[in-house]
Structure formats: C-alpha cells, structure tokens
Amino acid sequence: MAKDKIYTGTGRRKTSVARVRLIPGSGKITVNGQDVHDYLPYETLVMDLCQPLDVTKTRETFDVEADVTGGGFSGQTGAIRLGITRALLNYDAPNKDSEDSYRKLLKASGFVTRDARKKERKKPGLKKARRAPQFSKR
C-alpha cells in the first residue's frame with residue numbers, strides 16, 4: 001500500500017501556536033499526544049475545534065494530530081481550528097477553483113481569517129492596559 005499523504009497547517013491565536021497534521025484515518029483527534037477529550041476541559045471547546053471538519057463533512061475522513069504551545073485552552077483551541085482549516089485547504093488545493101471547494105465553505109463560515117486580537121500591553125501609571133487608579137478628591 002502506498003504511503004498516505006499528510007496535510008499540514010499552522011494556526012495561531014492570541015499567544016498560542018498549533019502545528020496540525022491531517023492523516024487519512026477514522027476521525028481520531030490527538031492534541032499534544034493526548035485524546036482531545038482528555039486535553040480540553042470543556043466539550044464546547046472540542047465542538048469549536050471540530051467546526052471546520054463538520055462544515056466540510058470530513059470528520060470521519062481524517063485523523064488530526066496537533067502540537068500546540070502557549071496561551072490557555074481557548075487560545076489553543078482557536079489555533080488548532082485555524083491549523084485544521086489550513087490543512088484542509090492544503091488537501092483541497094487542486095480543487096480550489098471549483099464551485100464546491102472547501103475554501104468557499106470555510107470562508108463563508110469565517111474559519112479562514114486569523115483572529116488577530118491579543119491582550120493589550122500595560123501602560124505606565126495605570127493598573128492595567130486602560131484601568132486608571134481610583135481618583136480621590138482629598
């Protein structure tokens with residue numbers, strides 16, 4: 001049997017970076033060597049992570065292996081989701097100009113765009129990025 005092709009994608013969100021590999025398989029998702037349900041504490045995060053696979057109807061087609069660093073669970077989930085999206089676009093690259101391409105489906109759902117929002121830096125003289133100390137008249 002010929003070696004199966006592996007499709008890769010890199011995703012980033014807040015301070016998290018995820019390297020994702022899609023391998024033809026049965027739909028098993030592994031994050032940092034652990035099952036996704038063991039790694040992520042909330043089922044909503046798992047659902048969020050799987051959205052690109054659900055939109056393209058490829059959840060049972062690929063095994064997902066993700067290596068993710070930095071940030072918290074929410075940022076890591078967003079990074080993995082973008083990585084899965086980019087790997088799916090790699091897989092569907094020969095078909096990108098057709099009417100039923102994955103790019104059109106994923107773009108319409110808003111998964112192709114990287115969410116660039118990060119925590120704002122703390123400014124001098126303030127308690128947080130914008131929170132000033134309480135004013136006292138006396």
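Provided above is the structure to which this section pertains.
Since we're looking at a predicted model, the values are computed, not measured.

### Focus: helix H2 (residues 43-55)
Phase 1: Here H2 contains 13 residues, and its C-alpha end-to-end distance of 18 Å stays within 8% of the 18 Å for a straight helix at 1.5 Å per residue.
Phase 2: Along H2, the residues that are buried comprise Leu45, Val46, Leu49, Cys50, Pro52 and Leu53.
Phase 3: Contact partners of the buried residues in H2: strand S3 (29-31), helix H1 (36-39), strand S5 (62-69), helix H3 (73-91) and helix H4 (102-109).
Phase 4: Of the residues trailing H2, Lys57 is marked for its positive phi of about 55 degrees.

### A look at the nonpolar core
Phase 1: Ranked by size, the top nonpolar core spans 27 residues in total, and within it Leu49, Ile80, Ile84 and Leu88 carry the most contacts.
Phase 2: Those elements that provide at least two residues to this core are strand S2 (16-24), S3, H1, H2, S5, H3 and H4.
Phase 3: Ignoring anything within four residues of it in the chain, the contact list for Ile80 reads Ala18, Val20, Val31, Leu49, Ala66 and Val68.

### Digging into the sheet that holds S3
Phase 1: What the 5 strands build is an open sheet, ordered S1-S2-S5-S3-S4; its pairing is mixed. Both outer strands of the open sheet, strand S1 (7-13) and strand S4 (34-35), are each paired with one neighbouring strand and no more.
Phase 2: Judged from the 7 bridges that link them, S1 and S2 form a sheet pairing that is antiparallel. The partner of Arg13 across the bridge, within S2, is Ser16.

### Here we look at the pairing of S5
Phase 1: Pairing analysis gives 8 bridges linking S2 to S5, with the strands arranged antiparallel. Looking at the pairing, Arg19 lines up with Asp67 of S5.
Phase 2: Looking at chain direction, S3 and S5 are connected through 3 bridges and run parallel. Bridge pairing in S5 places Thr30 opposite Glu65.

### Quick notes on unusual backbone geometry
Phase 1: Its identity as a non-glycine residue notwithstanding, Lys14 has a phi of 55 degrees, on the positive side.
Phase 2: With respect to the secondary-structure elements, Lys14 resides in the loop between S1 and S2.
Phase 3: Taking the relative accessible area as the measure of exposure, Lys14 reaches 40% and is therefore partly exposed.
Phase 4: One non-glycine residue with positive phi stands out, namely Lys57, at about 55 degrees.
Phase 5: Tracing the chain through its elements places Lys57 in the loop between H2 and S5.

Analysis parameters
Residues numbered from 1 in each chain as written. Predicted model: local features only at pLDDT ≥ 70, side-chain atom pairs only at ≥ 80, totals over all residues. Heavy atoms only, no water. Helix = DSSP H or I, 4+ residues; strand = E, 2+ residues; numbered from the N terminus. Expected span 1.5 Å × (residues − 1). Buried < 20%, exposed > 50% of the residue type's maximum accessible area, 1.4 Å probe, protein only. Contact = heavy atoms within 4.5 Å. Core = buried A, V, L, I, M, F, W, Y, C linked by side-chain atoms within 4.5 Å. Pairing = 2+ DSSP bridges.

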